[in-house]
Structure formats: structure tokens, C-alpha cells
Amino acid sequence: MSAAPLSPPSRVSGMFAPARVQATVIQITTVVMFLVACATIDNFATASNISSILFAASTVGIAAVGLASVTISGNLFALSLGSTAAFSSIIFVMVSGWGVIPALLASILLGLVFGLLQGLVVGWLRCNAIISTIAAGSLIAGLATWVSDGRTVLAGGGPTWLGSGAILPGVPWQAVIFLIVVVLGEILMSRTRAGWELRLRGTNAAAAELAGLRVTRMVILSYVLAGAGAAIAGALIAAQSGTGNLRVGADLDFSAIAAMLVGGIAIGGGRGRIIDVAWGTLFLAVLTNILLVNNFAYEVQLMVKGLAVLVAVTAGALLARKKR
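Described in the following lines is the structure provided in the data block. These figures come from a predicted structure and were not determined experimentally. Residue numbers here run from 1 along each chain, matching the order of that chain's written sequence. Reporting of local features is limited, given that this is a predicted model, to residues whose pLDDT is at least 70; pairs of side-chain atoms are given and counted only at 80 or more, and all residues count toward the totals for whole chains, interfaces and linings. Side-chain numbers come from the whole structure's heavy atoms, not from hydrogens or water.

**A word on the overall build of the chain**
- For the chain, the count of helices and strands is 14 helices and four strands.
- The atom set for the radius of gyration is the C-alpha atoms, and the globule formula is 2.2 Å times the number of residues raised to the power 0.38. For a compact globule of 324 residues, the expected C-alpha radius of gyration is about 20 Å, and the chain comes in at 20 Å, within 12% of that figure.
- With respect to the principal axes defined by its C-alpha atoms, the chain has extents near 80 × 55 × 35 Å.
- Only heavy atoms enter the contact rule, under which two residues are in contact if any of them lie within 4.5 Å. Residue pairs at least 24 apart in sequence account for 77% of intrachain contacts in the chain once pairs closer than 6 positions are excluded.
- Summed over all atoms, the accessible surface of the chain reaches about 15600 Å², with 70% contributed by carbon and sulfur.
- The charge count treats Lys and Arg as positive and Asp and Glu as negative. His and the chain ends do not count. We put the charge of a Lys on NZ, of an Arg on CZ, of an Asp on CG and of a Glu on CD. For the chain, the centre of its 18 positive side-chain charges and the centre of its 9 negative side-chain charges are spaced 12 Å apart. The numbering of helices and of strands both runs from the N terminus, where a helix is a DSSP run of H or I of at least 4 residues and a strand a run of E of at least 2. The protein chains shown are the only cover counted for residues, whose accessible areas, like all others here, come from Shrake-Rupley with a 1.4 Å probe.

Put into C-alpha cells, the structure is as follows:
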């Protein structure tokens with residue numbers, strides 16, 4: 001008697017497989033939460049409020065996309081995002097007299113250099129990732145203080161089109177940049193050899209090295225991407241406010257980590273998609289906006305965000321145990 005052929009899993013069952021169920025639940029919850037808020041909260045669905053949600057999501061989301069490459073590669077987090085964003089905001093304002101694009105490119109270059117240096121320390125010298133990035137954050141903050149003399153740097157022309165402009169009512173340019181970053185990140189992670197090697201390094205670093213994969217180079221690449229993401233976030237904040245200072249990105253590290261983990265990126269590495277990071281970012285942005293328009297205090301918003309991360313980390317741990 002011959003065995004019946006195994007049929008491939010359906011798309012729906014794949015969405016609720018242990019590896020994908022957290023991301024799927026967050027996506028569904030985000031859509032339901034948004035629609036319910038539109039129907040029940042006055043002025044929630046206005047162009048200005050949706051624009052506020054997208055502004056909040058864009059800067060955090062871009063930093064989270066860069067950070068996700070570090071986590072997927074198995075190095076937990078880079079804790080220098082806030083300092084990089086702050087220094088980037090200062091550089092953006094200082095160069096903004098040459099135009100928005102040169103200022104943005106200068107900021108990105110700064111993030112690339114800082115990311116490369118941290119990648120060399122973690123990937124090549126094999127130093128502890130957390131300690132190295134905390135030390136790097138302190139060093140970057142010191143350099144930013146030296147360059148700005150510890151003061152707020154003001155742009156001559158105030159906020160630019162990159163900071164306050166919109167391509168459509170309710171859709172700021174920053175959201176378009178966020179979308180482009182997500183698409184490029186998703187292609188890199190899911191359609192290229194580099195993304196494949198990053199995942200394998202995060203799944204089993206020793207096996208990836210024995211297999212001859214470009215482990216060191218991929219770790220360096222992940223920190224370069226994280227540095228670039230933080231720098232773009234800092235530049236966008238500076239473009240919006242017309243100022244650059246050390247307070248920019250003060251909570252960017254935690255916000256980016258929260259968006260990434262809530263979206264479904266595995267804290268142990270090797271699992272998760274860039275599109276999940278985008279959904280995690282939108283989930284937190286919509287939730288925060290609902291609390292804001294209902295006049296909940298800032299500390300309540302922090303508690304809710306912290307609770308969301310705790311639930312996400314617990315769910316991830318339980319799902320990983322079920323997978324074994």
C-alpha cells in the first residue's frame with residue numbers, strides 16, 4: 001500500500017504556523033485597531049491625524065529596519081542608535097545650507113562610518129555586541145557634544161519639505177522614504193545571498209562558519225545597515241524640527257527594539273521579515289496615537305509600549321519552545 005503524497009501547506013495555514021503566527025496576529029490586530037478607531041474616535045481618520053501616525057512611524061520604523069539586520073544575524077541589538085541619530089541630526093542641520101539632499105547624504109555617510117566601525121569591532125574582533133555598542137554610543141555622544149559644543153544647532157531656513165512636506169494629504173514624504181527602506185530591506189533579506197547568509201548566521205553561527213559562509217562580512221554589513229537606518233531617522237527628525245541636538249533620538253533605541261520584537265523578529269536571530277518590522281512599527285504608532293487622542297498621560301503610553309514588548313518576547317519564547 002503506497003503512502004499518500006504530502007500536500008504543501010496552504011497560504012492560510014502558513015500564516016498561522018508557529019514561525020509566522022505572531023507576525024500575522026500583529027498585522028490583523030493593527031488593521032482591526034485602526035478601523036475601530038476610525039469608527040469610534042472623533043477626528044481620528046482625518047488627514048492630519050493619519051499624517052501624525054505616519055510621521056511617528058517613519059523615523060522609528062527606518063531605525064528598526066536597520067536594527068533588524070543586527071538581530072536577525074544573531075547579535076541581539078545595537079544600542080548606539082539614539083546617539084547616532086542625535087549626531088546625524090546635528091550634521092544634517094550643519095550641512096542643510098547646501099540643500100536637503102546633500103545634508104541627508106552627509107548624515108547617512110556618518111551613520112555608515114559609525115556602523116562600519118562597530119561592525120568591525122563585533123564581527124572581526126569578536127567583541128561582545130551589547131558592550132561594544134553601548135561604548136560606541138557613549139563615544140558618539142561625546143563626539144556630537146564636541147562638534148555642537150553641547151548646544152542646539154538651528155537650521156537657517158527652518159523645517160524643510162523633507163520634514164513637513166506631503167506627497168498626498170495625510171501621506172508625508174517621510175512615509176514614502178519609510179516605504180522605500182522597507183521594500184529595499186525586504187528584497188535584501190529575502191531575495192539575495194547576503195540576506196540568506198545573515199539568516200543562517202543568526203540561526204547557527206558555528207554551522208554557518210563551518211559551511212564557509214561570509215560570516216564576518218555579513219555581521220559588518222548588519223551594523224552598517226543599522227548605522228544608516230539610525231542616521232536617516234535622525235536626519236528626518238532634524239528636517240521636521242529644523243534643529244539638531246543631543247536629545248534627538250533619546251528613546252530611539254527602545255522604540256526601534258519594541259517595533260522589531262512586536263512585529264515578530266526573533267530575539268535569538270535567524271527568523272523574521274522586514275515587512276514584519278513595518279507592521280510592528282505601525283501597530284505601536286496606531287496604539288500610541290489612540291492613547292494620545294484619548295488624553296492618556298505619557299507615562300501610560302510608556303507602560304503600554306513596555307507591556308507590548310513583554311508580551312511579544314514571551315510569545316516569541318513560547319513559540320520557539322513549541323517549534324522544538
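From this point on, the discussion continues.
**Focus: the environment of Gly142**
- If you trace the backbone, Gly142 turns up in helix α6 (residues 129-148).
- Once the C-alpha coordinates of Gly142 and Phe55 are considered, the two residues, 87 residues apart in sequence, prove to be 28 Å apart.

**Examining helix α11 (residues 215-241)**
- Between its terminal C-alpha atoms α11 stretches 40 Å, which fits the 39 Å expected from 27 residues at 1.5 Å a residue.
- Only protein chains enter the calculation, and the probe is 1.4 Å; a residue is then buried if its accessible area is under 20% of its type maximum, exposed if over 50%, and partly exposed in between. Burial analysis of α11 places 20 of its 27 residues in the buried class, which makes it a mostly covered element.
- Downstream of α11 by one or two residues, Gly242 has phi in the positive range, about 75°. Working rule for helices: expected span equals 1.5 Å times residues minus one.

**A closer look at the side chain of Gln27**
- Inspection of the secondary structure puts Gln27 in helix α2 (residues 21-40).
- Contact partners of Gln27, with chain neighbours within four places excluded, come to Arg20, Asp276 and Trp279.

**As for the nonpolar core**
- In this text, buried Ala, Val, Leu, Ile, Met, Phe, Trp, Tyr and Cys residues form a nonpolar core when linked through side-chain atoms within 4.5 Å. With 76 residues, the main nonpolar core has Leu67, Phe92, Met260 and Val262 as its most contacted residues.
- When sequence neighbours within four positions are dropped, the list of residues in contact with Leu67 reads Phe77, Ala78, Leu81, Ala226, Ala256, Ile257 and Met260.

**As for the packing of helix α3 (residues 47-72) against helix α13 (residues 274-293)**
- The axes are straight lines fitted to the C-alpha atoms, using for helices just the contacting stretch, and the angles between their N-to-C directions are given from 0 to 180°. It is at 8 Å that the axes of α3 and α13 come closest, and there the two elements cross at 145°. Judged by the twist between their axes, the crossing of α3 over α13 is right-handed. Residues Asn49, Ser52, Ile53, Leu54, Ala57, Val60, Gly61, Ala64, Val65 and Ala68 of α3 pack against Ile274, Val277, Thr281, Leu282, Ala285, Val286, Asn289 and Val293 of α13.
- Only Asp, Glu, Lys and Arg are considered charged, only Ala, Val, Leu, Ile, Met, Phe, Trp, Tyr, Cys and Pro nonpolar, and every remaining residue, Gly among them, polar. Residues belonging to the contact of α3 with α13 are distributed by class as follows: 13 nonpolar, five polar and no charged. A crossing counts as left-handed when the near helix is turned anticlockwise from the far one by less than a right angle, and as right-handed when that turn is clockwise.

**Notes on the packing of aromatic side chains**
- Classification of ring pairs rests on two measures: the distance between centres of Phe, Tyr or Trp rings, Trp counted by its six-membered ring, which must be within 6.5 Å, and the angle between planes, read as stacked under 30 degrees, edge-to-face over 60 and tilted in between. In the structure shown here, the tally under the stated rule is three aromatic pairs.
- Relative to Trp173, the ring of Trp161 has its centre 6.0 Å away and its plane inclined at 80°; by these criteria the two rings are edge-to-face. On the criterion of sequence distance, the pair formed by Trp161 in helix α7 (residues 161-164) and Trp173 in helix α8 (residues 173-191) is long-range, its members being 12 residues apart.
- On the basis of relative accessibility, which here comes to 32%, the residue Trp173 falls in the partly exposed class.

**Examining the pattern of salt bridges**
- The term salt bridge refers to a pairing of a side-chain nitrogen on Lys or Arg with a carboxyl oxygen on Asp or Glu at a separation within 4 Å. The tally for this structure, following the rule as stated, stands at six salt bridges.
- Put simply, Glu197 and Arg193 hold a salt bridge, and the shortest N to O gap is 3.1 Å. With Glu197 and Arg193 both in helix α9 (residues 193-203), this residue pair falls four residues apart, about one helical turn.
- Notably, a salt bridge pairs Arg214 with Glu197, separated by 2.8 Å at the nearest N-O pair. Of the two residues, Arg214 is situated in the loop between α10 (205-210) and α11 and Glu197 in helix α9; the sequence distance between them amounts to 17 residues.
- Owing to a relative accessible area of 24%, Arg214 belongs among the partly exposed residues under this scheme.

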